[in-house]
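# Survey of secondary and tertiary structure
Next come the chains, spelled out residue by residue.
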Amino acid sequence: MNRYKNTKSLRSVEDMEDTDSPDQAVQLKEKPLGACDRIGERYSPTVELKPVDENNWYDCTELVVTDEQKNVFPVPVVYWLAESAYCGFTPLAMYNGEQLIGFAVYAVDPDDGSYWIMAYMIDHKFQHKGLGRSGMEELVRYIHDKHGCDKIVLGHRTENERASRLYASLGFEEVDRDGIEIIRELTLSKP
């Protein structure tokens, strides 16, 4: 518990204005903040992606978002599984250890060859634990490593502010918008 309190205290100086502070204060601030970052990296949750198959497809259909999120993720997982089976999409189950925590679908646009994240969700029981960020980072890495693409595109509802903040923080830039959806692209380097 002491580490938590210390980390919290250290984070309170994180936004300290360096230009107004003596050099010694800035140096004192940087050392523990670097330690906090290293500790955080050690404890960030890991997410593993696995194919959806005969062993986990039904469990995937049991994943649900919160009631408040159903207006921004209105389609149940079973729909995405059916569409994937008939439209050539790739569904993936997300695990934290042995625990199924989420679901994602990606596809290739046949017109321009761009890779789209069609669906992404973390079950309501596993939200607010950093798994959404870790899962999206792993999904981007997976698509990039498997396909060597230099761009990944996704869309989200305009009112989904949580998704908007997450995607923007991961480097997805807004490229289009209408009254219903925001389209974002992440530019990657070729492997």
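Summary of the structure given here.

## Looking at the packing of aromatic side chains
- Scanning the entire structure with this criterion turns up four aromatic pairs.
- For the ring pair Tyr 79 and Trp 80, a centre distance of 5.6 Å and an interplane angle of 80 degrees mean the geometry is edge-to-face.
- By relative accessible area, Tyr 79 is classed as partly exposed at 41%.
- Exposure remark for Trp 80: the relative accessible area of 12% places this residue in the buried category.
- Their ring planes at 70 degrees and their centres at 6.2 Å tell us that Tyr 106 and Tyr 142 sit as a pair that is edge-to-face. Residue Tyr 106 is found in strand 3 (residues 99-108), and its partner Tyr 142 is found in helix 5 (residues 131-147); the two are separated by 36 residues along the sequence.
- Take Tyr 106: its relative accessible area is 3%, and that puts it in the buried class.

## Digging into the sheet that holds strand 4 (residues 115-122)
- Strand order in the open sheet made by the seven strands is 1-2-3-4-5-7-6, with mixed pairing throughout. The outermost strands of the open sheet, each flanked by one partner alone, are strand 1 (48-51) and strand 6 (173-177). When strand polarity is set aside, the average angle formed by the axes of neighbouring strands in this sheet is 30 degrees.
- Strands strand 1, strand 2 (90-96), strand 3, strand 4, strand 5 (151-157) and strand 7 (181-187) of the sheet are contacted by helix 5, whose axis makes an angle of about 155 degrees with strand 4.
- Relative to the sheet, helix 6 (residues 161-169) contacts strand 4, strand 5 and strand 7, its axis offset from that of strand 5 by approximately 165 degrees.

## Section: the nonpolar core
- Ile 117, Tyr 120, Met 136, Leu 139 and Phe 172 are the most contacted members of the largest nonpolar core, which has 27 residues in total.
- For this core, the secondary-structure elements that each account for two or more residues are strand 2, strand 3, strand 4, helix 5, strand 5 and helix 6.
- With five residues, the single largest contributor to this core is helix 5.
- Apart from the residues lying within four places of it in its own chain, the contact partners of Leu 139 are Leu 49, Leu 92, Ala 104, Ile 117 and Tyr 120.

## Looking at the side chain of Asn 56
- Locating Asn 56 in the fold gives a position in the loop between strand 1 and helix 3 (57-61).
- Looking at Asn 56, its side chain comes within polar contact range of the main-chain oxygen of Pro 51, at 3.1 Å.
- Residues contacting Asn 56, with those up to four places away along its chain left out, are Pro 51, Ala 93 and Tyr 95.

## A closer look at the pairing of strand 7
- Note that strand 5 and strand 7 share seven bridges and pair antiparallel. Within strand 7, the position partnered with Lys 151 by the bridge is Thr 187.
- Relative to strand 7, strand 6 runs antiparallel, the two sharing four bridges. Among the inter-strand pairings, Asp 176 is bridged to a residue of strand 7, identified as Ile 183.
- The turn linking strand 6 back onto strand 7 is made up of three residues.

The rules behind each value
Residues numbered from 1 in each chain as written. Predicted model: local features only at pLDDT ≥ 70, side-chain atom pairs only at ≥ 80, totals over all residues. Heavy atoms only, no water. Phe/Tyr/Trp six-rings, centres within 6.5 Å; stacked < 30°, edge-to-face > 60°. Buried < 20%, exposed > 50% of the residue type's maximum accessible area, 1.4 Å probe, protein only. Helix = DSSP H or I, 4+ residues; strand = E, 2+ residues; numbered from the N terminus. Pairing = 2+ DSSP bridges. Axes fitted to C-alpha atoms, helices over the stretch in contact; angles between N-to-C directions. Contact = heavy atoms within 4.5 Å. Core = buried A, V, L, I, M, F, W, Y, C linked by side-chain atoms within 4.5 Å. Polar contact = N/O pair within 3.5 Å; in protein donor to acceptor, adjacent residues only side chain to side chain.

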